[in-house]
Amino acid sequence: MAKRLIRTLPEFEEIRESDVRIAYLSSHKQKKRRNRIIYGECHKVDEKYAWCCHYDFFIVIYEPNIMDFTDKQIETLIRHELHHVGISFEGEDISYYIEPHDIEEFWEIIHDCGLDWSEVNATG
Ligand SMILES: [Zn+2]
């Protein structure tokens with residue numbers, strides 16, 4: 001599923017153009033953080049583990065937490081995690097980093113006001 005997303009979505013052009021190596025893991029842990037259920041995570045493999053881990057990133061999906069997800073929700077989750085794969089091209093040099101989220105907002109505000117509540121409506 002991840003490979004298909006990388007191949008078909010324009011937003012993953014940088015992943016296609018680099019030879020970044022991503023591992024996909026599934027965990028049986030019911031991971032939580034500050035009472036919030038964690039569905040998945042994306043981690044960059046630290047340089048110091050490069051000798052034993054032949055991946056640049058790993059994406060973990062917490063299976064017990066997504067049991068009720070539809071296929072579409074799982075796809076969106078993987079798409080979300082892939083967005084954290086940050087690649088910077090500087091000439092010949094490629095470096096990797098974790099891309100932070102574009103938005104920081106609270107669930108209640110997203111629910112009541114939408115994501116674009118602060119956007120000014122340009123008319124005409
Ligand atoms: Zn995220």
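Here the structure is a predicted model, which means the values were calculated and not measured.

Counted according to the given criterion, the structure contains zero disulfides. Its sulfur unpaired, C42 is 12 Å from the next cysteine sulfur, which belongs to C53. Its relative accessible area of 11% is what places C42 among the buried residues. Free of any disulfide, C53 has its nearest neighbouring cysteine sulfur in C52, separated by 6.2 Å.

On to the side chain of N65. Here N65 shows up in the loop between β5 (57–62) and α3 (71–83). A distance of 2.7 Å separates a polar side-chain atom of N65 from the backbone oxygen of I38. Excluding anything up to four places from it in sequence, N65 contacts Q30, K31, I37, I38 and Y39.

The backbone of R34 shows a phi angle near 45°, a positive value even though the residue is not glycine. One can find R34 in the loop between β2 (32–33) and β3 (36–37). The class for R34 is exposed, based on a relative accessible area of 78%. We note that N35 has phi near 70°; this positive angle belongs to a residue other than glycine. Relative to the elements of secondary structure, N35 occurs in the loop between β2 and β3. Using a relative accessible area of 77% as the deciding quantity, one classes N35 as exposed.

What follows deals with α3. Across its 13 residues, α3 extends 18 Å between first and last C-alpha, which sits within 8% of the 18 Å expected from 1.5 Å per residue. Every buried residue of α3 is accounted for by E75, L77, I78, E81 and L82. Buried residues of α3, viewed axially, fall in a sector of 160°; they line one side. Looking at the buried side of α3, the elements it contacts are α1 (2–8), α2 (13–17), β1 (22–27), β4 (40–44), β5 and β6 (85–90).

Cut-offs and rules
- Residues numbered from 1 in each chain as written.
- Predicted model: local features only at pLDDT ≥ 70, side-chain atom pairs only at ≥ 80, totals over all residues.
- Heavy atoms only, no water.
- Disulfide = S-S within 2.5 Å.
- Buried < 20%, exposed > 50% of the residue type's maximum accessible area, 1.4 Å probe, protein only.
- Helix = DSSP H or I, 4+ residues; strand = E, 2+ residues; numbered from the N terminus.
- Polar contact = N/O pair within 3.5 Å; in protein donor to acceptor, adjacent residues only side chain to side chain.
- Contact = heavy atoms within 4.5 Å.
- Expected span 1.5 Å × (residues − 1).
- Arc of directions from axis to C-beta.

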